[in-house]
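So you can see what is in the structure, the chains are spelled out below.
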Amino acid sequence: MVPGTIWLIMNKIFIKNAVLINDGSVFSANVLIENERIRSVYRDGQQPESLTFTEIIDADGAFLLPGIIDDQVHFREPGLTHKAEIKTESRAAVAGGITSFMEMPNTIPQALTQEILEEKYKRAKEVSLANYSFYMGASNNNIDEVLKTNPENVCGIKVFMGSSTGNMLVDNPETLREIFSASEMLIATHCEDEAIIQANTKLAREKYGEDVPISMHPIIRSAEACYKSSAMAVDLAERYGTRLHVLHISTAKETGLFRNDIPTAQKTITAEVCAHHLWFTSEDYEKFGTRIKWNPAVKSEQEREGLRQALLDGRLDVIATDHAPHTLAEKQNSYFKAPSGGPLVQHSLLAMLDLNEQGVFGLPLIVEKMCHAPAKLFRIPERGYIREGYYADLVLVQKKDLLVQAENIFYKCGWSPFEGHTFKYSVSHTFVNGHCVYNNGLFNEEKKGMRLRFQKNSLSS
């Protein structure tokens, strides 16, 4: 017997008196974790015959959810590590109940070759507390590299069909046709029309010079710019039968591009909405300024209500973060100099639970959109649910107020757009592959997360 085998056999964690939110139901249960997996789920107070465990956790009525799968983050490594690192942001992610993330290619260097992409995976294997995947980036001139990507161990191809850094804006129609027609992988798109944005920018500069107020952001990066680009992506996907996932939808009109008459698992064209577009409105620019400058822009209350309704009726499939930290000094610049993006992974689940308290979304829908749906549409086997035999990616959330302040923020950038807000819930424990990686403010870094794997064909549910 090799060293460590006995320990693995005896690694049993029993979570008792939990309220599970899973598979559309809310019910009381006990859960037995053995090694990396969920061994058993016991309803109605039942318990395993053997009461010999490595650890017993009394949930005392707290919610037990599948670990959140965040399909869009920017962890800034390599090249931008003054803002964030895979290590620091994965810590913040697990503190927020996120057990798996998919990270974007616009780092320095950009992940436009297979070699650079694999370097990111190597780094994550060394330092990430959460499970991980990284998108392959597309540009106007790397189609050969894009088509080498392995669909079984890379989450997808990222296409910026709107403004981006460096040369990652894909605006060549022939390149777009080639990517959409030739790729067997899921294509995830950032959709904003660059020509419309530039025309609106020119008008804003003519009126305000360089002192453009932040309130102009949703006018410059307008609903029209979003819809035109998203409609183009959907048209390409329909024409070539491409698996398409449109990221961070921000307008009500865009939601009409997506179906709600079939289940997410059967869709080839899906859409994501981010926590900040479900929470903030353009009225909040006066209070928060460039701290809530995102691309696409936070827009009117009417747009937000349209997004909420589309999430409820199934046109929008996933809730994610687009976690994109910058230093506070960078964000405090004037409109054109302040970068877009903000840190969200530690607080996105708590924000959605607050919306549940407000009567906006039910608990099963939150779990469906943050856990089940990402597993289904990205075809991630044995994750995203609390099911016997699945990986034990779990988060325990208690009804306990949490005031967001500098002392309890884990982002490397050290700030949050929710700073000063008191959430009604807090994450007490997070398990990644059966390992309790987070426990009431403390991290256990003895084990790292796994590289996510993907199936070529749809999951059964």
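Residues numbered from 1 in each chain as written. Predicted model: local features only at pLDDT ≥ 70, side-chain atom pairs only at ≥ 80, totals over all residues. Heavy atoms only, no water.

A. Spotlight on the sheet that holds strand β13 (residues 269–274). Here we have six strands laid out as an open sheet, ordered β9-β10-β11-β12-β13-β14, and parallel in their pairing. The open sheet has two free edges, formed respectively by β9 (136–137) and β14 (318–320), since each of these has just one partner strand. Here β13 runs beside β14; their pairing, made up of three bridges, is parallel. What sits directly across from valine 273, in β14, is isoleucine 319. (Pairing = 2+ DSSP bridges. Helix = DSSP H or I, 4+ residues; strand = E, 2+ residues; numbered from the N terminus.)

B. How the structure looks around the environment of asparagine 153. Mapped onto the fold, asparagine 153 is located in the loop between α4 (143–146) and β10 (157–161). For asparagine 153, a relative accessible area of 15% gives the class buried. (Buried < 20%, exposed > 50% of the residue type's maximum accessible area, 1.4 Å probe, protein only.)

C. Spatial organisation of helix α15 (residues 363–377). Taking 1.5 Å per residue, 15 residues should reach 21 Å; α15 reaches 20 Å between its end C-alpha atoms and fits that length. Largest kink in α15: about 40°, centred on lysine 369. Of all 15 residues in α15, 13 are buried; the element is thus mostly enclosed. Backbone geometry just after α15 places arginine 379 at a positive phi near 60°. (Expected span 1.5 Å × (residues − 1). Bend = angle between axes of the 7 residues up to and from the residue.)

D. Spotlight on the nonpolar core. Residues Val159, Phe180, Leu278, Leu349, Met352, Phe361 and Val397 are the most contacted members of the largest nonpolar core, which totals 105 residues. Among residues more than four places away in sequence, those in contact with leucine 278 are Val273, Arg304, Leu307, Arg308, Leu311, Ile319, Met352, Leu355 and Phe361. Judged by nonpolar contacts, the second largest core, of 19 residues, contains Ala29, Ile38, Leu64 and Leu394. (Core = buried A, V, L, I, M, F, W, Y, C linked by side-chain atoms within 4.5 Å. Contact = heavy atoms within 4.5 Å.)

E. How the structure looks around empty space enclosed by the protein. Enumeration according to the criterion identifies two cavities of 30 Å³ or more in this entry. By volume, the largest cavity amounts to about 80 Å³. Lining of the largest cavity is provided by Leu186, Arg243, Leu244, Thr264, Ala265, Lys267, Thr268, Thr270, Lys376, Leu377, Arg379 and Ser458. Residue classes in the lining of the largest cavity are distributed as four nonpolar, four polar and four charged. In this structure, the second largest cavity occupies an estimated 40 Å³ of space. Lining the second largest cavity, in full, are Ser250, His276, His277, Phe280, Val298, Lys299, Ser300, Glu303, Arg304 and Leu307. Of all the secondary-structure elements, those providing two or more residues to the lining of the second largest cavity are α10 (275–279) and α12 (301–313). Ranked by the residues each element gives to the lining of the second largest cavity, the list is headed by α12, at three residues. Here the lining of the second largest cavity is built from residues that sort into three nonpolar, four polar and three charged. (1 Å grid on protein atoms, 1.4 Å probe; cavity = no way out; pocket = protein on both sides within 12 Å on 5 of 7 lines; lining within 4 Å. Points joined across faces, edges and corners; volume = space filled by probe spheres on them. Nonpolar A, V, L, I, M, F, W, Y, C, P; charged D, E, K, R; others polar.)

F. Representation of the pairing of strand β1 (residues 12–22) in the model. For β1, the tally of buried residues reaches eight of eleven residues, placing the bulk of the element in the interior. One ladder, built from nine bridges, connects β1 with strand β2 (residues 25–34); its direction is antiparallel. Within β2, the position partnered with alanine 18 by the bridge is alanine 29. Turn length for the β1-β2 hairpin, with the two strands adjacent in sequence and antiparallel, is two residues, and the turn residue aspartate 23 shows positive phi of about 55°.

G. Region of interest: the sheet that holds strand β6 (residues 68–73). Read across the open sheet, the three strands follow the order β6-β7-β8; overall the sheet is parallel. Two strands bound the open sheet, and with one partner strand each, they are β6 and β8 (131–134). Neighbour-to-neighbour, the strand axes of the sheet open up by a mean angle of 20°, direction not taken into account. Looking at chain direction, strand β7 (residues 98–103) and β8 are connected through four bridges and run parallel. (Axes fitted to C-alpha atoms, helices over the stretch in contact; angles between N-to-C directions.)

H. Structural context of the packing of aromatic side chains. Taken as a whole and judged by the stated rule, the model has 18 aromatic pairs. Geometrically, the ring pair formed by phenylalanine 410 and phenylalanine 443 is edge-to-face, given 5.0 Å between the ring centres and 85° between the ring planes. Pair noted here: phenylalanine 410 is in the loop between β16 (402–403) and β17 (422–423) and phenylalanine 443 is in strand β20 (residues 442–443), with a separation of 33 residues, a long-range link. Overall, the relative accessible area of 21% leaves phenylalanine 410 in the partly exposed class. Grouping aromatic residues by their ring pairs yields a cluster made of Trp279, Phe280, Phe288, Trp294, Phe418 and Phe423. (Phe/Tyr/Trp six-rings, centres within 6.5 Å; stacked < 30°, edge-to-face > 60°.)

I. Spotlight on the pattern of salt bridges. Applying the stated rule across the entire model yields 27 salt bridges. In this structure, the salt-bridge partner of arginine 387 is aspartate 23, at a minimum N-O distance of 3.1 Å. Here aspartate 23 lies in the loop between β1 and β2 and arginine 387 lies in the loop between α15 and β15 (394–398), a separation of 364 residues in the sequence. Residue classification places aspartate 23 among the partly exposed residues on the basis of a relative accessible area of 42%. Between lysine 120 and glutamate 103 there is a salt bridge, and its shortest N-O distance comes to 2.7 Å. Separated by 17 residues along the polypeptide, lysine 120 in helix α3 (residues 114–127) and glutamate 103 in strand β7 bring together distant segments of the chain. Note on accessibility: lysine 120 and glutamate 103 belong to one class, buried. Among the ionic contacts, a cluster of salt bridges with common partners joins Lys12, Glu34 and Arg39. (Salt bridge = Lys/Arg side-chain N within 4 Å of Asp/Glu carboxyl O.)

J. Spotlight on the packing of helix α14 (residues 348–357) against α15. Two elements in contact, α14 and α15, have axes whose closest approach is 9 Å; the angle formed by their N-to-C orientations is 150°. One element, α14, and the other, α15, form an angle in the roughly antiparallel class. For the pair α14 and α15, the sense of crossing is right-handed. Contact residues: Ser348, Leu349, Met352, Leu353 and Asn356 in α14; Leu363, Ile366 and Met370 in α15. Its residues assigned to classes, the contact of α14 with α15 comprises six nonpolar, two polar and no charged. (Parallel < 35°, antiparallel > 145°, perpendicular 65-115°, else oblique. Left-handed = near helix turned anticlockwise from the far one by under 90°.)

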